[in-house]
Amino acid sequence: MNFLEERIVKDGIVKPGNVLKVDSFLNHQMDISLMEEIGREFKRRFADKPVTKVLTIEASGIGIACFVAKEFGVPLVFAKKSKSINIDGEMFVAEVESFTHKNRNQVIVSKRFLSPEDHLLIIDDFLANGCALQGLISIAESAGATVEGLGIVIEKGFQIGGRVIRNLGYQLESLAIIDGMDAETGTITFREQ
Ligand code: 5GP
């Protein structure tokens, strides 16, 4: 088991509905040493990529993406969730369905912060059905930017997102891939990587 898998086994809580809670160390209370290690690991996996910006989505991607951006020495841009239908031409927009909240949000990024010169590393905490990543890829495409890769902290490998994104031809790196989890026993099965 790698450092993250060990932590998931120790402190993760399996909830009904295929939801894993990691809010004691990743996305509510944050273990900063672990975040630093995550940042270093993504830097190692994407070391050969000419990354100019890290792109993520609010809210829980931001903390992790900060540490990745610091490793690459580049800015972090996060897509904001917006209820407003009145978006002027200043924004790149994508529709994203939330896995955890079961609603649809428009996510927006100001056109000032992404351009065709950008080489993006897209980061998020979880990958389930892939809606969040597809929204971010669509924003990158709207900007004419290059997606150099995608980094996920926890991929739920029994949901379709990973397959969808890899089939699109992107380098997708997940630090832990869960192949199964059981809310009754709390058992979590990781994919050998
Ligand atoms: P997707 O868009 O791939 O269906 O879902 C990814 C998004 O949903 C992530 O940004 C994450 O915030 C949230 N998410 C999906 N599955 C889980 C989960 O099991 N636990 C938590 N805490 N968040 C999840």
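Predicted, not measured: the structure shown is a model, and the values here were computed from it.

> Honestly, the overall build of the protein chain in this entry has me stumped. Any pointers?
Helix and strand counts for the protein chain come out as 5 helices and 10 strands. Over its C-alpha trace the protein chain gives a radius of gyration of 16 Å, about what one expects of a compact globule, namely 16 Å for 193 residues. Over its C-alpha atoms, taken along the principal directions, the protein chain stretches across nearly 50 × 35 × 30 Å. Every one of the 193 residues in the protein chain was classed for burial, and the buried ones make up 47%. When contacts within the protein chain are restricted to residue pairs at least 6 apart in sequence, long-range pairs at least 24 apart make up 59% of them.

> I tried to follow the packing of aromatic side chains on my own but got confused; where do I start?
Each aromatic ring pair is characterised by the separation of its centres together with the angle its planes make. Counting across every chain of the model gives 0 aromatic pairs. Over the ring of Phe72 we find Lys43; its NZ or CZ atom is 4.8 Å from the centre of that ring. Over the face of the ring belonging to Phe99 we find Lys102, whose NZ or CZ atom lies 4.2 Å from the ring centre.

> Which parts of the structure should I look at to understand the site of the ligand?
Near the ligand lie 17 residues; those nearest to it are Leu20, Asp124, Asn129, Gly130 and Ala132. Between the ligand and the protein, one listed contact pairs an oxygen atom with a backbone N or O atom of Ala128 at 2.8 Å. For the ligand, an oxygen atom lies 3.1 Å from a polar atom in the backbone of Cys131. Against a free-state accessible area of 500 Å², the protein chains account for coverage of 90% of the ligand. Mapped onto the shell around the ligand, the elements with two or more residues apiece are β2 (19-21), β7 (119-127) and α4 (131-143). Within the shell around the ligand, the residues separate by chemical class into 8 nonpolar, 6 polar and 3 charged.

Reading the values: the criteria
- Residues numbered from 1 in each chain as written.
- Predicted model: local features only at pLDDT ≥ 70, side-chain atom pairs only at ≥ 80, totals over all residues.
- Heavy atoms only, no water.
- Helix = DSSP H or I, 4+ residues; strand = E, 2+ residues; numbered from the N terminus.
- Rg over C-alpha atoms; globule rule 2.2 N^0.38 Å.
- Buried < 20%, exposed > 50% of the residue type's maximum accessible area, 1.4 Å probe, protein only.
- Contact = heavy atoms within 4.5 Å.
- Phe/Tyr/Trp six-rings, centres within 6.5 Å; stacked < 30°, edge-to-face > 60°.
- Lys NZ or Arg CZ within 6 Å of the ring centre and 35° of its normal.
- Near = heavy atom within 4 Å.
- Polar contact = N/O pair within 3.5 Å; in protein donor to acceptor, adjacent residues only side chain to side chain.
- Areas by Shrake-Rupley, 256 points an atom, 1.4 Å probe, with all protein chains shown as cover.
- Nonpolar A, V, L, I, M, F, W, Y, C, P; charged D, E, K, R; others polar.

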